[in-house]
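Listed below are the residues making up each chain.
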Amino acid sequence: MKYEIVYFDLDHTLLDFPKSERYALFEVLKSLNVEPKEEFIEIYVPINEKWWKLFSEGKYPKEVIIVERFKEFFKEAGINKDVDFQKISNLYLEKLSKAGFFFDGAEEFLFKLREMGQRMAAITNGVEKVQQGRSKILKLDRFFEFVLTSEKAGKPKPDPIIFYKAAEISGVPIEKSIYIGDNPDSDYLGAKNAGMDFILYDPEDIHQDLQCKRVRNYEEILRELL
């Protein structure tokens, strides 16, 4: 193998976050006696993505974005309920932490790497409680030595600190490591800022202008690592 350790992003790279997100949001709506509709997902997803981008840019702390996204969503969706948005956020995170799903082929891919003796870990901006809960459900400790969240590291991607912290934990120098993720703004820039090799997981082939290694499936990732 080319690298002593491979770090992975989780959501949208190995894990089907849209599936988890849909489940958790619909559970929240059911708790309020609001009928779940697909149009609510279409409203919520871009709002959520906007707030997470603001988080990765360091403009708002996580404690703010996980609440404000729901205030904006309820307003845009026309859900007129007198609710405690902090409680809504907590319920959503609780439901999300219990909803973990691999993308098709991801688990088998990780098994292959494990059988080859490849060391692996995860680096994620996701909420600590959520990522640890889903990690337990999916038994990610079968593959990863650790899952490092931005909460533990103190800074989110693309800040290089989270990558330096991962290197400190693993004991593997940056130059002997690689990071694999789907997001140009947080994953690619984070690895670049840290001086770590990077592969963009781009199954829809939408980031053709990005000057880095890009792959569309797990077989292509495996070839890049051998």
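Residues numbered from 1 in each chain as written. Predicted model: local features only at pLDDT ≥ 70, side-chain atom pairs only at ≥ 80, totals over all residues. Heavy atoms only, no water.

Peer 1: What is the right way to read the packing of helix α2 (residues 38–56) against helix α3 (residues 62–77) from this model?
Peer 2: Pairs of packed helices are described in terms of their axes, by the angle between the two and the distance that separates them. α3 packs onto α2 with a crossing angle of 150 degrees between their chain directions and a minimal axis gap of 9 Å. The angle between α2 and α3 places the two elements in the roughly antiparallel class. By crossing handedness, the relation of α2 to α3 is classed as right-handed. Counted together, F40, I43, Y44, I47, N48, K50, W51, W52 and F55 of α2 and K62, I65, E68, R69, F70, E72, F73, E76 and A77 of α3 form the full contact between these two elements. (Axes fitted to C-alpha atoms, helices over the stretch in contact; angles between N-to-C directions. Helix = DSSP H or I, 4+ residues; strand = E, 2+ residues; numbered from the N terminus. Parallel < 35°, antiparallel > 145°, perpendicular 65-115°, else oblique. Left-handed = near helix turned anticlockwise from the far one by under 90°. Contact = heavy atoms within 4.5 Å.)

Peer 1: Looking at this model, I keep getting lost on unusual backbone geometry. Mind explaining?
Peer 2: Glycine aside, residues mostly have negative phi angles, and peptide bonds mostly take the trans form. P158 follows K157 through a cis peptide bond whose omega is 15 degrees. Take P158: it is sitting in the loop between α7 (150–153) and α8 (161–170). The backbone of H12 shows a phi angle near 75 degrees, a positive value even though the residue is not glycine. When you line up the elements, H12 lands in the loop between β1 (5–8) and α1 (17–31). At D205, a residue that is not glycine, the phi angle is positive and equals roughly 55 degrees. With respect to the helices, strands and loops of the structure, D205 is situated in the loop between β5 (197–201) and β6 (213–215).

Peer 1: I would appreciate a short explanation of the side chain of S56 in the present structure.
Peer 2: Within the fold, S56 resides in helix α2. On the basis of relative accessible area, S56 is assigned to the buried category, the value being 13%. In this structure S56 touches N125, P156, K157 and P158, once residues within four positions along its chain are discounted. (Buried < 20%, exposed > 50% of the residue type's maximum accessible area, 1.4 Å probe, protein only.)

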